[in-house]
Amino acid sequence: MRTWNFRMAAAMFALGVIALSAIASAEVRAQAPAVDPAATQILKRMTDYLGGLQQFSVRTHNTYEDMLASGHRVDIDLMADVIISRPNKLFAERKGDLVDQVFYYDGKTLTLYNPSDKVYAREPVPGTFEGVFKFMYQSFGFIVPVSDLVYRDAFPLLMQDVTYAVLVGKSIIGGVRCDHLLFSRPGVDFQVWVSDGGQPLPRKYVVTDTGSPALLSAISVMSDWNVAPAVADARFTFVPPQGVQQITFLPLGTGSGSGR
Amino acid sequence: MKTMLKISVVASALALMLIADIPLLSEQLVPEAHAILGVRRRTAVVAGATVHAADEAQISASQQQAAAANQQAAAAKQQAADAEKQAAAAKQQAAAAPPAPPPAASGKPLPLGTVVSTLPAGCTSTPVGGVDYFYCGGNFYRAAFQGSNLVYVTAQPK
């Protein structure tokens, strides 16, 4: 009986030690600098700069880490050319393994065009970028490309719920010296590389889903920045070529339950 | 010895609380991960069906996890499993594997407004009133965008 008691006590003590060390390590983590102002300042400088640009164009190379049904990791690549003209004109062309799509918004009408399928859909949505993004998402589940770059006030959006921010160091992206920033919020970690001299433009984004064990990321490398492109307004208006069919956007919730 | 026992009991209780907290925590965090600028939005920004499908698979996986942890009703699990099945189907199609024949292949007419991500094999293009319909298996389909994905919807030609 005595031995049993002793063993029991020893086992519980061991458990207790484990528990205490868990608490102790949690405390150490909590003491680490949570949000480094050096990192948030650089992010703010970037978003302010982007928000202040009247026109810009950029090429993005995007890689999406994916998981096949077989459980194997695979990357899906996609290139997007984007032209923005504030306050409300946007052109984006996306090409990749699975996508061949052009997006137009001229401040009045939004058009989505799939050249290889010879179909397009258009929707009259007057207003600002922010209004259009919201309307398209809520009505059709459509997410306008590069919304993050276009939001005039992206900083609070990016910083929302951020619990950790750090300036990782310097890095070279596409031949440009950058500050490498890391931010963490519940379920998502994101890294941003910002040119460290002259124009504080983003050169690379990595967004990691930390909410699932696979830790999959979306990676976007930006190149060919032009902060004063010569763009005619006609570029933002779609003129349907011969033999192209007009189709519609399905309202959200249509045909639920079958092959999305 | 008695004091030590007491301490260790308290400490183990704390350890249990820490462990017990984890599923609850993850359940709260999961929706947020996709709600905001998160991966869901970002992947959906540019990519088509595949990335979207992967995303959904992730969501459903974590839902399943949370459901199991909380021993919730089987309904939630069923939902997650459905979403996963759906995601897997979309992925299969996106990965350019031979598409699984939609129910239409059986020749039974589908309810109007049924959405499929690929046309069944052997559809023929049939213009009606300037609109291209695709006819096969007793159904007319028309093309439409669901989000940024091109899909086909069963319809009655007008």
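Residues numbered from 1 in each chain as written. Chains lettered and ligands numbered in written order. Predicted model: local features only at pLDDT ≥ 70, side-chain atom pairs only at ≥ 80, totals over all residues.

Caption draft 1: Representation of the overall build of chain A. Each helix and strand in chain A was counted, giving 5 helices and 12 strands. Of all 260 residues assigned to chain A, the portion counted as buried reaches 35%. Taking as baseline every contact in chain A between residues at least 6 positions apart, the subset at least 24 positions apart corresponds to 47%. (Helix = DSSP H or I, 4+ residues; strand = E, 2+ residues; numbered from the N terminus. Buried ≥ 20, exposed ≤ 12 C-beta atoms within 10 Å, placed from the backbone. Contact = placed C-beta atoms within 7 Å.)

Caption draft 2: Structural context of the overall build of chain B. Along its length, chain B carries 4 helices and 5 strands. Across chain B, helices and strands are ordered from the amino to the carboxyl terminus as α-α-α-α-β-β-β-β-β. When each of the 158 residues of chain B is scored for burial, the buried share is 42%. Once local pairs closer than 6 in sequence are excluded, the contacts in chain B between residues at least 24 apart make up 47%.

Caption draft 3: Here's a closer look at the pairing of strand S2 (residues 73–85) of chain A. Residue and element names in this part refer to chain A. Two strands pair when backbone bridges link them, and strand S1 (residues 55–67) and S2 are joined in this way by 13 bridges, in the antiparallel orientation. Bridging across to S2, Glu65 finds its partner in Asp75. Between S1 and S2, which pair antiparallel and follow one another directly, the connecting turn spans 5 residues, one of which, Gly71, has a positive phi of 95°. Note: S2 against strand S3 (residues 89–96), 8 bridges, orientation antiparallel. Bridge assignment links Met79 to a residue of S3, and that residue is Lys95. (Pairing = 2+ DSSP bridges.)

Caption draft 4: Structural context of helix H2 (residues 37–52) of chain A. Residues and elements named next belong to chain A. Compared with an ideal rise of 1.5 Å per residue, which puts 16 residues at 22 Å, H2 spans 22 Å between its outermost C-alpha atoms and is within 8% of the ideal. Looking only at H2, the buried set comprises Ala39, Ile42, Leu43, Met46, Thr47 and Leu50. Buried positions in H2, seen along its axis, are confined to an arc of 130° and lie on one side of it. Facing away from the buried side of H2 by over 90 degrees, the exposed positions are Pro37 and Gly52. (Expected span 1.5 Å × (residues − 1). Arc of directions from axis to C-beta.)

Caption draft 5: Here's a closer look at the pairing of strand S2 (residues 124–128) of chain B. Residue and element names in this part refer to chain B. Burial analysis of S2 places just 0 of its 5 residues in the buried class, a small minority of the element. Sheet topology note: the S2/strand S3 (residues 131–136) ladder contains 5 bridges and is antiparallel. Paired with Ser125 across the two strands is Phe134, which belongs to S3. Counting the residues that bridge the hairpin from S2 to S3 gives 2 residues, and of these Gly129 lies at a positive phi of roughly 55°.

Caption draft 6: View of the confidence of the model for chain A. Mean pLDDT over chain A: 84, with 83% of residues reaching 70 or higher. Counting contacts from residues 256–260 of chain A, a segment whose pLDDT is below 50, to residues more than four positions away or on other chains yields 12 contacts. (pLDDT = per-residue confidence, 0-100.)

Caption draft 7: Representation of the confidence of the model for chain B. All names here are of chain B. Looking at chain B, the pLDDT average stands at 56 and 32% of residues meet or exceed 70. Of all the helices and strands in chain B, helix H2 (residues 39–46) carries the lowest mean pLDDT, 32, while strand S5 (residues 149–154) carries the highest, 91. With pTM at 0.63, the complex prediction returns an ipTM value of 0.71.

Caption draft 8: Structural detail: the environment of Val188(A). Within the element layout of this structure, Val188(A) appears in strand S9 (residues 188–195). Between the alpha carbons of Val188(A) and Ser212(A) there is a distance of 9.8 Å; along the sequence they are 24 residues apart.

Caption draft 9: Seen up close, unusual backbone geometry. All names here are of chain A. Across the junction of Arg86 and Pro87, the peptide omega takes the value 10°, indicating a cis bond. Note that Pro87 resides in the loop between S2 and S3. Of note in this structure, Lys118 is not a glycine but carries a positive phi near 55°. Assignment of secondary structure puts Lys118 in the loop between strand S5 (109–114) and strand S6 (119–124). With phi around 65°, Asp161 is a residue other than glycine that occupies positive phi space. Here Asp161 is to be found in the loop between helix H5 (154–159) and strand S7 (164–173). A tally of 15 C-beta atoms within 10 Å means that Asp161 is categorised as partly exposed.

Caption draft 10: Spotlight on helix H3 (residues 129–140) of chain A. All names here are of chain A. Between its first and last C-alpha atoms H3 spans 16 Å; for 12 residues at 1.5 Å apiece the expected length is 16 Å, and the two agree. Residues of H3 that are buried: Phe129, Val132, Phe133, Met136 and Phe140. Buried residues of H3, seen end-on, are gathered within an arc of 100° and therefore sit on one face of the element. More than 90 degrees from the buried face of H3, the exposed residues found are Gly131 and Gln138. Phi turns positive, to about 65°, at Gly141, one or two residues after H3.

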